[in-house]
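Results of the structural survey
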2 protein chains.
Amino acid sequence: MVTQTLVIQKLPVNMEILKNLEEIKIEKPSDIIIKQIKNLISSGQLNPGDRLPPERQLSEKFGVGRSHVRDALRKLEFYGILKTLPQSGTVVAGLGVTALEGLINDVLDLNDHDFYSFVETRVLLEMHAAELAAERADVDDLIKIENALNAFEKEVDAGKQGVEEDLLFHLKIAEASKNSVLNSLLLIVIPDMIKLSKNLDICGDGRYKRAFEEHLEIFDCIKNHDKKGAGNAMKAHLNDLLTFSLEKKNKEKNK
Amino acid sequence: MVTQTLVIQKLPVNMEILKNLEEIKIEKPSDIIIKQIKNLISSGQLNPGDRLPPERQLSEKFGVGRSHVRDALRKLEFYGILKTLPQSGTVVAGLGVTALEGLINDVLDLNDHDFYSFVETRVLLEMHAAELAAERADVDDLIKIENALNAFEKEVDAGKQGVEEDLLFHLKIAEASKNSVLNSLLLIVIPDMIKLSKNLDICGDGRYKRAFEEHLEIFDCIKNHDKKGAGNAMKAHLNDLLTFSLEKKNKEKNK
DNA sequence: CAATTAATATTGGTCAACCAATTTATGGTA
DNA sequence: TACCATAAATTGGTTGACCAATATTAATTG
C-alpha cells in the first residue's frame, strides 16, 4: 500500500548567482538596420545624393519584414540623414536642418511661450555667443563677421533695413562661438526674432545707423578678444528689444 | 470639302496671376493627430500616466487608417511624450527621468555635435536659470525646491545616487526661473546629462554628499534672492562635469 | 528618325487580416 | 467568500496584398 511518488526537493535559492547574470538587451531589428546604414555613411560608402536599395530589397537582404525596414528609414529621415522620395526611392540627405534643431522646435512647440521668455532667452544666448566668439574666433571667422558687418553698412547707407545682413552678422558670431549646440539654438531663435523686430519697427529713424555702430562695437571687442566687452556690447545692442518685450508683457498683464 | 475642326486659341499665360496664388500645404494625417494630442496634453486634459484610447478607436475617431495613427503615436513616443505599452495601451509619459531619455545622445551622435558643446551650453543655461530663480521664485517655488532638496538628501543618506531627486531639484529651479522657453530647453538638456554623469560615475565616493551640499548652497542663494551667488553656486556645482567633458574632448583630439 | 503617347514595371504608401502578448471575465474549488 | 485556473476579449505588432504615384520601356505617329 505504498504509492511511489516523485518528490522534488525544494532547495533554497542561491541568490548569489543572480549577481553574475546580466540583463540581456534585445535590439530591435530597426535599430540594427540604422546602425548598418550609419556605418555605410560614416565609412564613406554612401554619400549625400546616393540612393539606397528599395525597401523590398533591404527587407530581403536584412531578413526582416518590410515594416522594420520602414521603421528604420523613417527614423533616419527624422534625424535628417535620409530623405524618402515617394515612388522613387530613398536617398542620403545633404546636411540641412539637423535633428537637434527639429527636436528643439518640437519641444518648444509643446507649450505656449510668451514673447518675453523668447527675447530674454535670446539675449542670454547671444551674449554668451559673443563672449565665446571673442575667445575662439579665428582669422576666417573674423573675415566672415567683418564681411557681414560691411554688407549691413551698405544696406543701411542705402536707406534699407538690411534684414538679411543683420541676420548674417548675428549668425556668423554664433558660428564663431565654436559651440555647435549653441549655434543650433541660435539658428532657431535669431531669424524669427530679427524678422519680427523689423516688422514691428521697434526703433525710430536713426535706429539702423545706431544698430550698425553697435555691430561695429561688438565686432571690435571680438576682434580684440575682449570677452567681457563683447558680451556687454551684445547685451546693450539687444536692450531695446528686451525693453520692448517687457513693456509688451506688462501691457498684456494690465489688460 | 471643308472639315470643321475645333480650334483652341493659344493665349499668352498671364504670369501676374501666379503671384496671387499661394502654395497650399497638405498636412499629413499623422501630423494633424500629433497636434491634437499635443493640445490635449498642454491644455491639461491629458496628464502623465493617463492612457489614450486604443489605436483602433483613435483610427475610427480620426477617420483615418490605423497606419496613420501608429505613425503619430510612434513619433510622439520618439519624443518621449507618449509611452507605448504592448498589448496594454499607450500612456502619457511623465516629464521626469523617463522623458526624452537617451534622445539627446542619439541626436548628438548622429549629427556630430560634440559633447563639450552640449555641456557648455547646459552650464550657461542652468546658471541663468538659477539667477532668474533667485530673482523670481515665489513661496510656492521655494517649497518645491526645498522638498526636492530634502528628497535628495534622504537618498544620499541611504547611500544611493538619487538620480530622480537630483533631476527634480534642477527641474524645479528651471520652473522657478519663470521663463518658459528656458524651462523647455532645460527639459531637453537636464535629464540625459544627469543620467550620463551618474553612469560614468565621474566623481569619487564623497561626491553625492558634496553634491547635496552644493544643492544646499544653491538653494540658500535662491531663497535669499542672491542672484549673483545663485549663478556662481550653480556654475561651481557643474564644474566637474565641464572639466570632465573638456578632458574628454582633448583626449579625443589627441587620438 | 525624333517626338509623343501608351503600356508596363517599380517604388513607397496604405489596408485588412492575422499574430503574440496582456488584460479581463468566468467558472470551479477550498 | 476568496483564490486559482481557464477562457475570452482586447491591444499593440507584423505581414502580405493592394493602391497611388513615379520611372522606364515599348509602340505609334508625323
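Look above for the structure.
Notes on the structure follow. The structure displayed is predicted, hence computed values, not measured ones.

1. Digging into the overall build of chain A
A tally of regular secondary structure across chain A gives eleven helices and two strands. The N-to-C order of helical and strand elements in chain A reads α-α-α-β-β-α-α-α-α-α-α-α-α. Each of the 255 residues in chain A was classed as buried or not, and the buried ones make up 41%. Accessible area of chain A: about 15,400 Å², with a carbon and sulfur share of 52%.

2. Structural notes on helix 6 (residues 139-157) of chain B
Residue and element names in this part refer to chain B. With 19 residues, helix 6 should reach 27 Å at 1.5 Å per residue; the first-to-last C-alpha distance of 27 Å fits that figure. Considered for burial, the residues of helix 6 that qualify are Asp-141, Leu-142, Ile-145, Ala-148, Leu-149, Phe-152 and Val-156. Along the long axis of helix 6, the arc covered by the buried residues comes to 130°, so they all point the same way. The exposed set on the far side of helix 6, more than 90 degrees from its buried face, consists of Val-139, Lys-154 and Asp-157. Elements that come into contact with the buried residues of helix 6 comprise helix 5 (115-136), helix 7 (163-176) and helix 9 (207-223). Looking at where helix 6 begins, the residue whose side-chain oxygen comes 3.1 Å from the main-chain nitrogen of Asp-140 is Asp-138. Immediately downstream of helix 6, the backbone of Gly-159 shows phi near 80°, a positive value.

3. Description of the protein's contact with DNA strand D
Around DNA strand D sit 20 residues in total, of which Ser-67 and Gln-87 of chain A together with Arg-56, Arg-66 and Gln-87 of chain B are the nearest. Between DNA strand D and Arg-56 of chain B, the relevant distance is 2.9 Å, taken from a base oxygen to a side-chain nitrogen or oxygen of the residue. Only helix 3 (66-78) of chain A together with helix 2 (55-62), helix 3 (66-78), strand 1 (82-85) and strand 2 (89-92) of chain B provide two or more residues apiece to the surface near DNA strand D. Residue contributions to the surface near DNA strand D peak at three residues, all from helix 3 of chain A. Across the surface near DNA strand D, the residue classes tally to four nonpolar, nine polar and seven charged.

4. Quick notes on the pairing of strand 2 (residues 89-92) of chain A
Residues and elements named next belong to chain A. Of the two faces of strand 2, the one lined by Gly-89 and Val-91 and the one lined by Thr-90 and Val-92 are each fully buried. Relative to strand 2, strand 1 (residues 82-85) is paired through four bridges, and the arrangement is antiparallel. Its bridge partner lying in strand 2, Leu-85 is registered against Gly-89.

5. Points about the packing of aromatic side chains
All chains considered together, the criterion is met by four aromatic pairs over all chains. A ring pair is formed by Phe-78 of chain A and Tyr-79 of chain A, whose centres lie 6.1 Å apart and whose planes are at 55°; its orientation type is tilted. In this structure Phe-78 of chain A comes out as buried when scored by relative accessible area, which is 19%. Both rings, one in Phe-115 of chain A and one in Phe-244 of chain A, keep their centres 6.5 Å apart while their planes meet at 85°; by these two values the pair is edge-to-face. Separated by 129 residues along the polypeptide, Phe-115 of chain A in helix 5 (residues 115-136) and Phe-244 of chain A in helix 11 (residues 239-253) bring together distant segments of the chain. Since its relative accessible area comes to 24%, Phe-244 of chain A is described here as partly exposed. These aromatic residues form a ring-pair network of at least three members: Phe-78 and Tyr-79 of chain A together with Phe-78 of chain B.

6. Overview of the pattern of salt bridges
Summed over all chains, the structure comprises 26 salt bridges over all chains. A single salt-bridge network, built from bridges that share partners, covers Glu-55, Arg-66 and Arg-70 of chain A.

7. Looking at the protein's contact with DNA strand C
In the vicinity of DNA strand C there are 20 residues, among which Glu-55, Arg-56, Arg-66 and Gln-87 of chain A together with Gln-87 of chain B approach most closely. The sugar-phosphate share of atoms of DNA strand C within 4 Å of the protein amounts to 54%. Within the backbone of Glu-55 of chain A, a nitrogen or oxygen atom sits 3.0 Å from a phosphate oxygen of DNA strand C. Gln-87 of chain B is positioned such that a nitrogen or oxygen atom in its side chain is 3.4 Å from a sugar or linking oxygen of DNA strand C. With three residues, the single largest contributor to the surface near DNA strand C is helix 3 of chain B. The residue makeup of the surface near DNA strand C, split by class, is four nonpolar, nine polar and seven charged.

8. Re a positive patch on the surface
Judged by side-chain charge, Lys-228 and Lys-235 of chain A together with Lys-228 and Lys-235 of chain B come together as a positively charged surface patch. Among the elements of the structure, helix 10 (227-237) of chain A together with helix 10 (227-237) of chain B are those that each provide at least two residues to the positive patch. Along the chain, Lys-228 of chain B falls in helix 10.

9. Things to note about the packing of helix 6 (residues 139-157) of chain A against helix 7 (residues 163-176) of chain A
Residue and element names in this part refer to chain A. One can describe the packing of helix 6 onto helix 7 by two numbers: an axis separation of 8 Å at closest approach and a directional angle of 165°. Considered as vectors, helix 6 and helix 7 are oriented roughly antiparallel to each other. Crossing geometry of helix 6 relative to helix 7 is assigned as left-handed. Across from Asp-141, Lys-144, Ile-145, Ala-148, Leu-149, Ala-151, Phe-152 and Glu-155 in helix 6, the residues of helix 7 making contact are Glu-165, Asp-166, Leu-168, Phe-169, Lys-172, Ile-173, Glu-175 and Ala-176.

10. Focus on the environment of Leu-124 of chain B
Residue position: Leu-124 of chain B is located in helix 5. Judged by its relative accessible area of 5%, Leu-124 of chain B is buried. Along the primary structure Leu-124 of chain B and Leu-238 of chain B are separated by 114 residues, whereas in three dimensions their C-alpha atoms are 10.0 Å apart. Sequence-distant contacts of Leu-124 of chain B, defined by excluding residues within four places in its chain, comprise Leu-124, Leu-125 and His-128 of chain A.

11. Some remarks on unusual backbone geometry
All names here are of chain A. The phi dihedral of Lys-178 is positive, around 60°, even though this residue is not glycine. One can find Lys-178 in the loop between helix 7 and helix 8 (180-200). By relative accessible area, which is 37% here, Lys-178 ends up partly exposed.

12. Looking at the packing of helix 7 of chain B against helix 9 of chain B
Residue and element names in this part refer to chain B. Taken N-terminus to C-terminus, the directions of helix 7 and helix 9 make an angle of 20°; their axes are 12 Å apart at the nearest point. When the interaxial angle is binned, helix 7 and helix 9 end up roughly parallel. Crossing hand, helix 7 versus helix 9: left-handed. Contacts between helix 7 and helix 9 involve Asp-166, Phe-169, His-170 and Ile-173 from the first element and His-215, Ile-218, Phe-219 and Ile-222 from the second. Of the residues in the contact of helix 7 with helix 9, the class split is five nonpolar, two polar and one charged.

Reading the values: the criteria
Residues numbered from 1 in each chain as written. Chains lettered and ligands numbered in written order. Predicted model: local features only at pLDDT ≥ 70, side-chain atom pairs only at ≥ 80, totals over all residues. Heavy atoms only, no water. Helix = DSSP H or I, 4+ residues; strand = E, 2+ residues; numbered from the N terminus. Buried < 20%, exposed > 50% of the residue type's maximum accessible area, 1.4 Å probe, protein only. Areas by Shrake-Rupley, 256 points an atom, 1.4 Å probe, with all protein chains shown as cover. Expected span 1.5 Å × (residues − 1). Arc of directions from axis to C-beta. Contact = heavy atoms within 4.5 Å. Polar contact = N/O pair within 3.5 Å; in protein donor to acceptor, adjacent residues only side chain to side chain. Near = heavy atom within 4 Å. Nonpolar A, V, L, I, M, F, W, Y, C, P; charged D, E, K, R; others polar. Pairing = 2+ DSSP bridges. Phe/Tyr/Trp six-rings, centres within 6.5 Å; stacked < 30°, edge-to-face > 60°. Salt bridge = Lys/Arg side-chain N within 4 Å of Asp/Glu carboxyl O. Patch = residues over 30% accessible without salt bridge, like charges linked within 9 Å, V, L, I, M, F, W, Y side chains within 5 Å. Lys, Arg positive; Asp, Glu negative; His and termini not counted. Charge placed at Lys NZ, Arg CZ, Asp CG, Glu CD. Axes fitted to C-alpha atoms, helices over the stretch in contact; angles between N-to-C directions. Parallel < 35°, antiparallel > 145°, perpendicular 65-115°, else oblique. Left-handed = near helix turned anticlockwise from the far one by under 90°.

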